[in-house]
Amino acid sequence: MRARTDDRDRLRELRAAIDRTGYYPEVVGEGVQSAVAGEQVVSFFVHHEPTFEHDEVRRHLSVVVLTPTRLVLAHTDEHTGDDLLPEPYTSTSTESIRLSAVRSVVVTRMVANPTSGPGHPAEAVMTIGWGGVSRVDLEPAGCSDPECDADHGYTGVLAPDDFSLRVSAAADGKEAVAGLLGFAESLSARTHQAPAAP
């Protein structure tokens, strides 16, 4: 779904997108609607992907929703039965983040044949950071002396990595790539406008 500038509530569009996945739409819809808690749906993105577990295919659905005040993330997975729940079941986890807490929205676009001029991205990755999870990338530190063999310890980068979503035109379709980019644009605009956290 592309970013839009009007203030229309998109809850019905969100429910229709969840229904189109065919992945337990009543269960997913109820979980998402409960997390949205009556707020207006400004923008959303729904991503359905299979995961492979041994010789079985399991499905996973991510739903990201932007409201005027929050970012809502919902993940639904299916599971085989276990000791506690012998029947196959789904688990839906939701998280709500105040827009004022979002620290970064990182978007990476992969465009094939860039020498041919601007084109539609073949893939897109959106990473959102709000300080809940961070990633440390370490590498050995060195100095400018090529003869030096001293141990200079390590140097690294601490990067927020709370949520990341990747889509490709080949696997998900051009519309999915455009939809993710549109959602990221809407989120970036809203977090820019959000007041600072107290």
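The structure under discussion appears in the preceding block.
Residue positions are given per chain, counted from 1 along the sequence in the order it is written. Only residues with pLDDT of at least 70 are given local features in this predicted model, and only at 80 or more are side-chain atom pairs given and counted; all residues enter the totals for whole chains, interfaces and linings. Note that the side-chain values use all heavy atoms of the structure and ignore hydrogens as well as water.

K.L.:
What is the right way to read unusual backbone geometry from this model?
P.N.:
Negative phi is the rule for most residues except glycine; trans is the rule for most peptide bonds. The backbone of Y24 shows a phi angle near 40°, a positive value even though the residue is not glycine. Take Y24: it is sitting in the loop between helix 1 (11-21) and helix 2 (25-36). Any residue under 20% of the maximum accessible area for its type is buried, any over 50% is exposed, and the rest in between are partly exposed; the area is computed with a 1.4 Å probe on protein chains only. With a relative accessible area of 33%, Y24 lands in the partly exposed category. One non-glycine residue, A37, lies in the positive phi region at around 55°. Put simply, DSSP H or I for four residues or longer makes a helix, DSSP E for two residues or longer makes a strand, and each gets a number counted from the N terminus. Here A37 lies in the loop between helix 2 and strand 1 (43-53). Residue classification places A37 among the exposed positions, given a relative accessible area of 57%.

K.L.:
Could you clarify how one ought to interpret the nonpolar core in this entry?
P.N.:
Across soluble globular proteins, nonpolar side chains show a tendency to be buried alongside one another. What is meant by a nonpolar core is a set of buried Ala, Val, Leu, Ile, Met, Phe, Trp, Tyr and Cys residues, joined one to another through side-chain atoms within 4.5 Å. Counting 23 residues, the largest nonpolar core has F45, L71, I128, F163 and F183 as the members making the most contacts within it. Going through the elements one at a time, strand 2 (56-66), strand 3 (70-79), strand 6 (123-129), strand 9 (163-168) and helix 4 (174-193) are the ones with two or more residues in this core. Of all the elements, helix 4 adds the most residues to this core, at seven residues. Membership of the second largest hydrophobic core comes to 16 residues, among which are I18, V32, V36 and V65.

K.L.:
Teacher, can you tell me more about the pairing of strand 2 here?
P.N.:
Taken residue by residue, a regular strand's side chains alternate between the two faces of the sheet. For strand 2, the tally of buried residues reaches eight of eleven residues, placing the bulk of the element in the interior. One ladder, built from seven bridges, connects strand 2 with strand 3; its direction is antiparallel. Across the sheet, the residue bridging to V65 is V72, located in strand 3. The antiparallel pairing of strand 2 with strand 3 creates a hairpin that spans three residues between the two strands. A pair of strands is labelled paired if DSSP reports no fewer than 2 bridges between them.

K.L.:
Explain helix 1 here, please?
P.N.:
Every α-helix carries 3.6 residues per turn, so stepping three or four residues along brings you back to the same face. Taken as a whole, helix 1 has its buried residues at L14, A17 and I18. The buried residues of helix 1 occupy an angular sector of 100° when the element is viewed end-on, so they sit on one face. Those residues of helix 1 that are exposed and angled more than 90 degrees off the buried face are R12 and R20. G22 sits one or two residues past helix 1 and shows a positive phi near 70°. In this context, the arc is that of the directions from the helix axis out to the C-beta atoms.

K.L.:
For this particular structure, what's the right way to read the sheet that holds strand 9?
P.N.:
Either a parallel or an antiparallel arrangement is found when strands of a sheet pair, and the pairing is made through backbone hydrogen bonds. Strand order in the open sheet made by the three strands is 5-6-9, with antiparallel pairing throughout. Of all the strands in the sheet, the pair left with one neighbour each is strand 5 (104-110) and strand 9. Going across the sheet, the axis of each strand differs from the next one's by a mean of 10°, ignoring polarity. Bridge count between strand 5 and strand 6: seven bridges; the pairing is antiparallel. In the sheet register, V106 faces strand 6, and the bridge partner there is T127. Comment: axis = line fitted to C-alpha atoms, over the contacting stretch for helices; angle = value between 0 and 180 degrees taken between N-to-C directions.

K.L.:
How do you make sense of helix 2 when you look at a structure like this?
P.N.:
With twelve residues, helix 2 extends 16 Å from end C-alpha to end C-alpha; this agrees with the ideal 16 Å at 1.5 Å per step. All of the buried residues in helix 2 are P25, V28, G29, V32, A35 and V36. The buried residues of helix 2 all sit within an arc of 135° when viewed along its axis, so they share a single face. Among the exposed residues of helix 2, those oriented more than 90 degrees off its buried face are E26, E30 and S34. Where helix 2 terminates, the next one or two residues include A37, which has phi positive at roughly 55°. To estimate how far a helix should reach, multiply one less than its number of residues by 1.5 Å.

Geometry only, nothing functional implied.
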